[in-house]
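Commentary on secondary and tertiary structure
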Amino acid sequence: MAEPARASTQLRSMAFGALFLSLFGGGWMVVALNTEAAVWLLACALLPTSLLVLRALALLHTASQVRAAEPAPTAAEAGAERALNRSVSLLFAAEIGAIVLAANLLNAYGHAAWILAAAALLVAAFFLPLARLVRYPVYYAISGAELVLCGIIIALMHTRIGLADPLFGLIMALTLWLTVVVLLLQGSRWGSGLLAEAPSPSPAAPR
């Protein structure tokens, strides 16, 4: 069984997760509001995304402070962290590739109206292997919620699925941002506790 990741590594994972999900949530909110005036895009997409990104960067800084207070990583720990980063990158690349492939196939076979629905389902499914990789059960919950909500929309609007694009955008944006809030709250509380427990640096010897 693999050794648990260091606290700083887990915090960095949470911070990067919050950062990317903030941006993706903003993109989905743009989809939801693409027919609205620019002021709505500013208030409901750009502003929340910017605030969440700033908080994610603050959590990343906290993770760096925690790492500075930890002993130097062993070769095994450094190798495990590189392997995790590589696996997450490959998973993300596979998700993007699956979305592009699905979009091209749907467009080629005359089902372009289903592209956004397929993208939402693929993004939701992406959290299942991600949760296992980074050992963060909240991702299982968000995946389940998104799959159920998207399934309900498809069941209700499958005959006019193109009209459901704003609903897919709204659901994905709000669920992603909710996940970001959970990540930031848990990460900030955990990071503050770790920093409070870290030993204070020894005072410099008098010269």
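Preceding this section is the structure that the text describes.
Thresholds applied
By convention here, each chain's residues receive numbers from 1 onward along its written sequence. The predicted nature of this model means local features are confined to residues of pLDDT at least 70 and side-chain atom pairs, given and counted, to a pLDDT of 80 or more, with totals for whole chains, interfaces and linings taken over all residues. To obtain the side-chain values, all non-hydrogen atoms of the structure were used and water was disregarded. Helix axes are fitted to C-alpha atoms over the stretch in contact, other axes to C-alpha atoms as well, and angles between N-to-C directions run from 0 to 180 degrees. Helix numbers and strand numbers start at the N terminus; a helix is a DSSP run of H or I with at least 4 residues, a strand a run of E with at least 2. Working rule for angles: under 35 degrees goes down as roughly parallel, over 145 as roughly antiparallel, 65 to 115 as roughly perpendicular, anything else as oblique. Crossing handedness is read from the near helix: turned anticlockwise from the far helix by less than a right angle, it gives a left-handed crossing, and turned clockwise, a right-handed one. Whether two residues are in contact is decided by their heavy atoms: any pair within 4.5 Å suffices. Gly counts as polar in this scheme, as do all residues outside two lists: the nonpolar Ala, Val, Leu, Ile, Met, Phe, Trp, Tyr, Cys and Pro, and the charged Asp, Glu, Lys and Arg. The working definition used for a salt bridge is a side-chain nitrogen of Lys or Arg within 4 Å of a carboxyl oxygen of Asp or Glu. Burial classification: accessible surface area is computed with a 1.4 Å probe over protein chains only, and a residue below 20% of its type maximum counts as buried, one above 50% as exposed, and the rest as partly exposed.

1. Some thoughts on the packing of helix 5 (residues 138-157) against helix 6 (residues 165-197)
Interhelical geometry of helix 5 versus helix 6 gives an angle of 165° and a closest axis separation of 10 Å. Taken together, the axis directions place helix 5 and helix 6 in an arrangement best described as roughly antiparallel. The crossing of helix 5 and helix 6 is right-handed. Of the residues in helix 6, those in contact with Val-138, Tyr-139, Ile-142, Glu-146, Leu-149, Cys-150, Ile-153, Ile-154 and Met-157 of helix 5 are Leu-167, Phe-168, Ile-171, Met-172, Thr-175, Leu-176, Thr-179, Val-182, Leu-183 and Gln-186. Its residues assigned to classes, the contact of helix 5 with helix 6 shows 15 nonpolar, three polar and one charged.

2. Re the environment of Leu-33
Summarising the element assignment, Leu-33 is placed in the loop between helix 1 (7-32) and helix 2 (38-69). Residues Leu-33 and Ala-98, 65 residues apart in the sequence, show an inter-C-alpha distance of 25 Å. Other than its neighbours up to four places away in sequence, Leu-33 contacts Trp-40, Leu-41 and Cys-44.

3. Describing the pattern of salt bridges
Here the idea is simple: oppositely charged side chains can pair when their charged atoms come close. What the rule picks out here adds up to three salt bridges. Ionic pairing is found between Glu-70 and Arg-6, a salt bridge with its closest N-O pair at 3.3 Å. Linking Glu-70 in the loop between helix 2 and helix 3 (75-108) with Arg-6 in the segment before helix 1, this pair joins segments that are 64 residues apart in sequence. Residue Glu-70 is classed as buried on the basis of its relative accessible area of 19%. Relative accessible area serves as the criterion here: at 18%, Arg-6 is assigned to the buried category. Between Glu-81 and Arg-67 there is a salt bridge; the shortest N-O distance is 3.0 Å. In this pair, Glu-81 is assigned in helix 3 and Arg-67 in helix 2, connecting sequence segments 14 residues apart. One continuous salt-bridge network, built from bridges that share partners, spans Arg-6, Glu-70 and Glu-77.

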